[in-house]
Amino acid sequence: MDFLQEYDFHLPEEQIAKFPLETRDASRLLVVDKTKSKFWEAPLFRDIATLVRPGDVFVYNETKVSYRRVFLQVESGRIHESIFLEPEDSNHQVWLCILKNRAKLKLGDKLFPVGYKNFQFSYHGPKEELSNLFSEKSITDADFEIFGNIPIPPYLKRDVTEEDKVRYQTIFAERSGSVAAPTAGLHFTEELRENLRKIGAEFLPVELQIGYGTFRPLTAEQWQTKTLHKENYLVSESTATKLNDARREGRRIIAVGTTTLRVLESVFDSQIQKYKVGASQTDIFLSPGDRIQSVQGLITNFHLPKSSLLLLVSAFATTQLVLDSYRYALKNGFRFYSYGDSMFLF
């Protein structure tokens, strides 16, 4: 995959943030001014208040991480770790899953969550690199909260803690359905949100349910077709109206996270310069060379090398500026990934 070599870098293991900081808004903040092609340390995320203008609009993803990581057991006692990604039917009985050690299963084999034999699944076979599991009854997010775990990223290489149940959700989390957190929102506290409101900032919700694609490496086909995995999104009439008002009044619209930016670019009609209302799916793939028109600012974390998220950030600014800022972050001990430090680009 030579087309991604420019976006590769070595990340020392010690710079992967394995645990959250004691305080959400105490993460470090790297400020990137794309109009002047320069960057500097804020130094803390809470210091973003010094960069906020009256009238700024922060758009956040209000998705909530569901407890979709489930340890399934067969009658013999063997354990199969799984992540339930999404239902494939309207009754929520057929589920698309990441299922480890599926080669050891036969069609029709029964599995149940460890300690919860009253929930039964049967193996319905592979679906490319994923698998289908069938339940005799509908499975809801309330059920996952009984027998599941919050699916912290695999690169953390550790077990879930009680702290993760709180800290791997943003303060904006309202609507269940994601298998990963919209991590830019993890830096906000209620106090910081209130302080920004006092300055004159506004906060508006959208929803994007983060799915399997967040775990997958980019493929050459995705690069060629300019499409990613499909994810469900929702933009309410209230949010669209307020965004259009802000746009008309020349106020800055700031996406809290790459997932929010994907939603806004999906619903922004560049012909009439307006945001549309709706619930749909997006497979938009933003990379350098694309013109991002829906926002004037982006808050984000430091992402994996050769990832679609790194390409999106490079599309918002420039490849050179983003890679230079990453080199600075690597040299100066910034913490990377979900529980890591932050960037504010404008």
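Keep in mind the model is a prediction, meaning the values are calculated, not measured. (Residues numbered from 1 in each chain as written. Predicted model: local features only at pLDDT ≥ 70, side-chain atom pairs only at ≥ 80, totals over all residues. Heavy atoms only, no water.)

*Asks:* Pulling in residues and values, what's your account of the overall build of the protein?
*Replies:* Within the protein, the regular secondary structure consists of eight helices and 19 strands. A compact globule built from 346 residues should have a C-alpha radius of gyration of about 20 Å, and the protein, at 21 Å, falls within 12% of that. Principal-axis analysis of the C-alpha atoms gives the protein an extent of 60 × 45 × 45 Å. Taken over 346 residues, the protein has a buried fraction of 54%. Here the analysis covers contacts within the protein between residues at least 6 apart in sequence; of these, 71% occur between residues at least 24 apart. A gap of 1 Å separates the mean positions of the 44 positive and 45 negative side-chain charges of the protein. (Helix = DSSP H or I, 4+ residues; strand = E, 2+ residues; numbered from the N terminus. Rg over C-alpha atoms; globule rule 2.2 N^0.38 Å. Buried < 20%, exposed > 50% of the residue type's maximum accessible area, 1.4 Å probe, protein only. Contact = heavy atoms within 4.5 Å. Lys, Arg positive; Asp, Glu negative; His and termini not counted. Charge placed at Lys NZ, Arg CZ, Asp CG, Glu CD.)

*Asks:* Residue-level account of the nonpolar core, with values.
*Replies:* Residues Phe84, Leu133, Tyr168, Ile253, Leu264, Phe336 and Leu345 are the most contacted members of the largest nonpolar core, which totals 80 residues. Excluding anything up to four places from it in sequence, leucine 264 contacts Val59, Val206, Leu243, Ile253, Ala255, Tyr275, Ser294 and Val295. Of all hydrophobic cores here, the second largest spans 21 residues; its members include Leu29, Phe45, Leu192 and Phe344. (Core = buried A, V, L, I, M, F, W, Y, C linked by side-chain atoms within 4.5 Å.)

*Asks:* Lay out the confidence of the model for the protein in plain terms, naming residues and giving numbers.
*Replies:* With 99% of its residues at a pLDDT of at least 70, the protein reaches an overall mean of 95. Taken element by element, the protein is modelled with least confidence in helix H4 (residues 220-225), mean pLDDT 79, and with most confidence in strand S3 (residues 57-61), mean pLDDT 99. (pLDDT = per-residue confidence, 0-100.)

*Asks:* So what about the packing of helix H7 (residues 308-316) against helix H8 (residues 319-331)? Which residues, and what values?
*Replies:* Axis separation between H7 and H8 bottoms out at 7 Å; the angle between their running directions is 120°. Between H7 and H8, the interaxial angle falls into the category oblique. Two packed elements cross with a definite hand, and for H7 against H8 that hand is right-handed. Seen from H7, the contacting residues are Leu310, Val313 and Ser314; seen from H8, they are Thr319, Val322 and Tyr326. Here the contact of H7 with H8 is built from residues that sort into four nonpolar, two polar and no charged. (Axes fitted to C-alpha atoms, helices over the stretch in contact; angles between N-to-C directions. Parallel < 35°, antiparallel > 145°, perpendicular 65-115°, else oblique. Left-handed = near helix turned anticlockwise from the far one by under 90°. Nonpolar A, V, L, I, M, F, W, Y, C, P; charged D, E, K, R; others polar.)

*Asks:* Could you give an account of the packing of helix H6 (residues 258-267) against H7, naming the residues involved and the relevant values?
*Replies:* Contact geometry for H6 and H7: axes closest at 11 Å, N-to-C directions at 65°. Of the two elements, H6 crosses H7, and the hand of that crossing is left-handed. On the side of H6, the interface is formed by Thr258, Leu261 and Arg262, while H7 contributes Leu309, Leu312 and Val313. When grouped by side-chain class, the residues that make up the contact of H6 with H7 number four nonpolar, one polar and one charged.

*Asks:* Outline H6, supporting the account with residue identities and numerical values.
*Replies:* Extensive coverage of H6 is indicated by the burial of ten of its ten residues. Those residues of H6 that sit buried are Thr258, Thr259, Thr260, Leu261, Arg262, Val263, Leu264, Glu265, Ser266 and Val267.

*Asks:* Which residues make up the pattern of salt bridges, and what values do they have?
*Replies:* Scanning all chains against the criterion turns up 21 salt bridges. As a salt-bridge pair, glutamate 41 and arginine 28 come within 3.3 Å of each other at their nearest N and O atoms. Remark: arginine 28 occurs in strand S1 (residues 28-33) and glutamate 41 occurs in strand S2 (residues 38-44); sequence separation between them is 13 residues. Residue glutamate 41 is classed as partly exposed on the basis of its relative accessible area of 28%. Arginine 248 is the salt-bridge partner of aspartate 245, the closest N and O atoms lying 3.1 Å from each other. On the criterion of helical spacing, the pair formed by aspartate 245 and arginine 248 is a turn pair, its members being three residues apart in helix H5 (residues 237-248). The exposure class of aspartate 245 is partly exposed, given its relative accessible area of 26%. Its relative accessible area of 60% is what places arginine 248 among the exposed residues. Put simply, Glu13, Lys18 and Lys157 are held in one network by salt bridges that share partners. (Salt bridge = Lys/Arg side-chain N within 4 Å of Asp/Glu carboxyl O.)

*Asks:* How would you summarise the sheet that holds strand S7 (residues 94-99) if you had to cite specific residues and measurements?
*Replies:* If you trace the six strands once around the closed barrel, you get S5-S6-S7-S10-S9-S8, paired in antiparallel fashion. The mean inter-strand angle of the sheet, taken between neighbouring strand axes irrespective of direction, is 45°. The sheet contact formed by strand S5 (residues 69-73) and strand S6 (residues 79-87) spans five bridges and is antiparallel. Residue pairing across strands places valine 70 opposite serine 82, the latter belonging to S6. (Pairing = 2+ DSSP bridges.)

*Asks:* Could you give an account of the packing of aromatic side chains, naming the residues involved and the relevant values?
*Replies:* Overall, the coordinates contain 27 aromatic pairs when judged by the stated rule. When the ring of phenylalanine 302 is compared with that of phenylalanine 334, the centres are 5.6 Å apart and the planes differ by 65°; the resulting orientation is edge-to-face. Note that phenylalanine 302 is positioned in the loop between strand S18 (297-301) and H7 and phenylalanine 334 in the loop between H8 and strand S19 (342-345), a separation of 32 residues in sequence. Here the two residues phenylalanine 302 and phenylalanine 334 agree in accessibility, since each one is buried. Of the aromatic side chains, those joined through ring pairs into one cluster are Phe9, Phe39, Tyr155, Phe302, Tyr326, Tyr328, Phe334, Phe336 and Tyr337. Above the face of the phenylalanine 316 ring, lysine 34 is positioned so that its terminal group lies 3.8 Å from the ring centre. The ring of phenylalanine 19 carries the charged tip of arginine 158 above its face, separated from the ring centre by 4.0 Å. (Phe/Tyr/Trp six-rings, centres within 6.5 Å; stacked < 30°, edge-to-face > 60°. Lys NZ or Arg CZ within 6 Å of the ring centre and 35° of its normal.)

*Asks:* Tell me about H7, residues and numbers included.
*Replies:* Burial of H7 is extensive: eight of the nine residues sit out of reach of the surface. Within H7, the full set of buried residues consists of Ser308, Leu310, Leu311, Leu312, Val313, Ser314, Ala315 and Phe316.

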